[in-house]
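Breakdown of the fold
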Amino acid sequence: MSGGLSGGASGAAAAGEVVLSARDVHRDYQLAGETVHAVRGISLEVRAGDWVALVGPSGCGKSTLLNLLGAIDRPTSGTIAVRGRDIAALRDRDATAFRLRHVGFVFQRFYLMPQLSALENIELPMAEAGVARAERRARARELLAYVGLDARERHRPAELSGGEQQRAAIARALANRPAFLLADEPTGELDAATGAGIIALFARLNAAGTTIVVVTHDGDLARAARRVIHLRDGHVVNEVHA
Amino acid sequence: MPRSPIRSLSFRARSVALPALSHALLAVLPARAQVAPPAAPPPARHATIALDARLATDAGIRLGDLVVVAAAPGIPGDTLRVAAFVRRGADPSEVARAEYRVRMHLADLQRVLGYGDRVDRFAIATRDSAATTRAIAGINAAAFGFRAHRSRDIAIETSRTFAVISRFHKAIGVITIGASAIFLLCIMLMKVEERRRDVAALRLVGLSAASVVRAVVIEAALVSVIGSGAGVVLGAVASRLVNAWYQQLYRTPLTFSLVTPGIVGFAVALSVVLGLAAGVLAARRLVRTPPLALLGR
């Protein structure tokens, strides 16, 4: 793997600046005629350069909280702000545009476009954001080199291992220099050794200033984070700082 | 077994078409070929006859052979030399008919049939439409028992059945293309449905609904155009095979299957329109579903 990234991995923010905040956030679902309280009044702040792990048993609300923080879902009540901008009330179109430029997503199952090469997958969000072709190609190559896939840029996802696909997905998430990276079980589909490589990549990104919020059941990944927030039944029950 | 130098042909005439010129070649229907010993030694010079190429093939007759032609089996006939072979025209009304055709000089035909100067039908070539009108009027006024018609009117009258068959085929074609298009629509919807997770990921990454719709519709258009192109090539090849098979089966130059620019244009246009419609429908359905729902959450 190569060293650093020009212009940083993610959007510029002063160290310690609050990039993400949630205030008394609730999220209720209607399921089979019953109301499910997935998130019950959670408040938290994530500062620039933080690496936060949300952990807890299945159904505790950690993925729901991640979706709310990433403007994928809207809270039933409460506010969520990114660098002071309330994102809780964004319309669908605005939320999509917001995610494109300010949020980097990493999924458990990678979700790379199977028809596109690794390079093209990374270019995709930049193309949507209107980045010029030459610029986005250079940025995509830089990101691929950063995650150690510079020799695999023409390979399609099916030709990459699980770990390589996740590296490509992380590179894609960083393409538009987001304010923070949200990852939902990023090592969930990987074996221990490959997962360790992904954890090391996150550590390197965080060391370079990238703000990361990760949902995980993986103890190793949680231990690597600077802050570990334990959730249970939609509440924050405990927070541990490394 | 030595090849017989003279063959015997007998005719049972149903109709005789007499052209205006006495030496024009005539068509006689139907004809049956029979191989028989020669009735008499051939004269030094013989009148000539043109035989149906199928008859020549079936009876093993070659150019220059002598044949005995009679009006009916078992009666004396004229010995004629085979001067040419005649191939059937592309007439759908004759495709399934097994009769052979021969062409003889008018004088020979009259002698063989014993018809004398009697004719059932005759055709006249005219210089232009006005001359045709005058000839029709003159014949209808002067020749009692005859009724003159324009060849175009006769052609229209006799081809009415084929016009109906042609429309029937067109209807089958439209139904086939329509059914294929609905099939394409369903396949497109299913293919897009298979990619719910990919679309969800694109939406989560930040691709707009318009971008997703555009990508799906472009893909649908490409699939439609490529599919149409493949279909046209397949149709053209199948058409050639069908024609080759039936032309040799019926020994006719008739074209049984046609891939016309109109048909190609219609099929491609319908395919592209329906492909695009399928793409738009499928894409709109996907982008209206929240990404998390697409991921099954």
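A quick note: this is a predicted structure, and the numbers were derived from the prediction, not measured.

Residue and element names in this part refer to chain A. Here six bridges tie strand β9 (residues 227–232) to strand β10 (residues 235–241), and the two strands are oriented antiparallel to one another. From the neighbouring strand, Arg-227 faces β10, where its bridge partner is His-241. The antiparallel hairpin formed by β9 and β10 contains two residues in its connecting segment, where Asp-233 sits at a positive phi of about 50°.

Attention shifts here to the sheet that holds strand β2 (residues 34–47) of chain A. Strands pair in a sheet through their backbones, by hydrogen bonds, and they do so in one of two ways: parallel or antiparallel. Residue and element names in this part refer to chain A. The strand order across the open sheet formed by four strands is β2-β1-β4-β5, and the pairing between neighbours is antiparallel. With one partner strand each, in any of the chains shown, β2 and β5 (85–86) form the two edges of the open sheet. As paired elements, strand β4 (residues 77–82) and β5 share two bridges and run antiparallel to each other. Paired with Val-82 across the bridge in β5 is Arg-85.

The next subject is the interface of chain A and chain B. Taken together, the contact pairs 20 residues of chain A with 15 residues of chain B. Both sides of the chain A and chain B interface together cover about 1600 Å² of buried area, and 58% of this is carbon and sulfur. Counting the surface chain A buries against chain B, the share from its top three residues, A:Tyr111, A:Met113 and A:Glu128, is 31%. Note that A:Asp92 and B:Arg203 form a salt bridge whose closest N and O atoms lie 3.1 Å from each other. On inspection of chain A and its partner chain B, the count reaches six residue pairs in polar contact (both at pLDDT 80 or more).

Take the packing of aromatic side chains next. Using the criterion set out here, one finds seven aromatic pairs over all chains in the structure. Here the aromatic rings of B:Tyr246 and B:Tyr250 are separated by 6.1 Å at their centres, their planes lie at 15°, and the arrangement is stacked. Taken together, the positions of B:Tyr246 and B:Tyr250, both in helix α7 (residues 209–250) and four residues apart, correspond to about one turn of that helix. The exposure class of B:Tyr250 is partly exposed, given its relative accessible area of 31%. With 6.0 Å between their ring centres and 25° between their planes, B:Tyr250 and B:Phe256 make a pair best called stacked. Relative accessible area serves as the criterion here: at 31%, B:Phe256 is assigned to the partly exposed category. By way of ring pairs, the aromatic residues A:Phe105, A:Phe107 and A:Tyr111 are connected into one cluster.

Parameters and conventions
- Residues numbered from 1 in each chain as written.
- Chains lettered and ligands numbered in written order.
- Predicted model: local features only at pLDDT ≥ 70, side-chain atom pairs only at ≥ 80, totals over all residues.
- Heavy atoms only, no water.
- Pairing = 2+ DSSP bridges.
- Helix = DSSP H or I, 4+ residues; strand = E, 2+ residues; numbered from the N terminus.
- Contact = heavy atoms within 4.5 Å.
- Buried area = accessible area lost by both parts, 1.4 Å probe.
- Salt bridge = Lys/Arg side-chain N within 4 Å of Asp/Glu carboxyl O.
- Polar contact = N/O pair within 3.5 Å; in protein donor to acceptor, adjacent residues only side chain to side chain.
- Phe/Tyr/Trp six-rings, centres within 6.5 Å; stacked < 30°, edge-to-face > 60°.
- Buried < 20%, exposed > 50% of the residue type's maximum accessible area, 1.4 Å probe, protein only.

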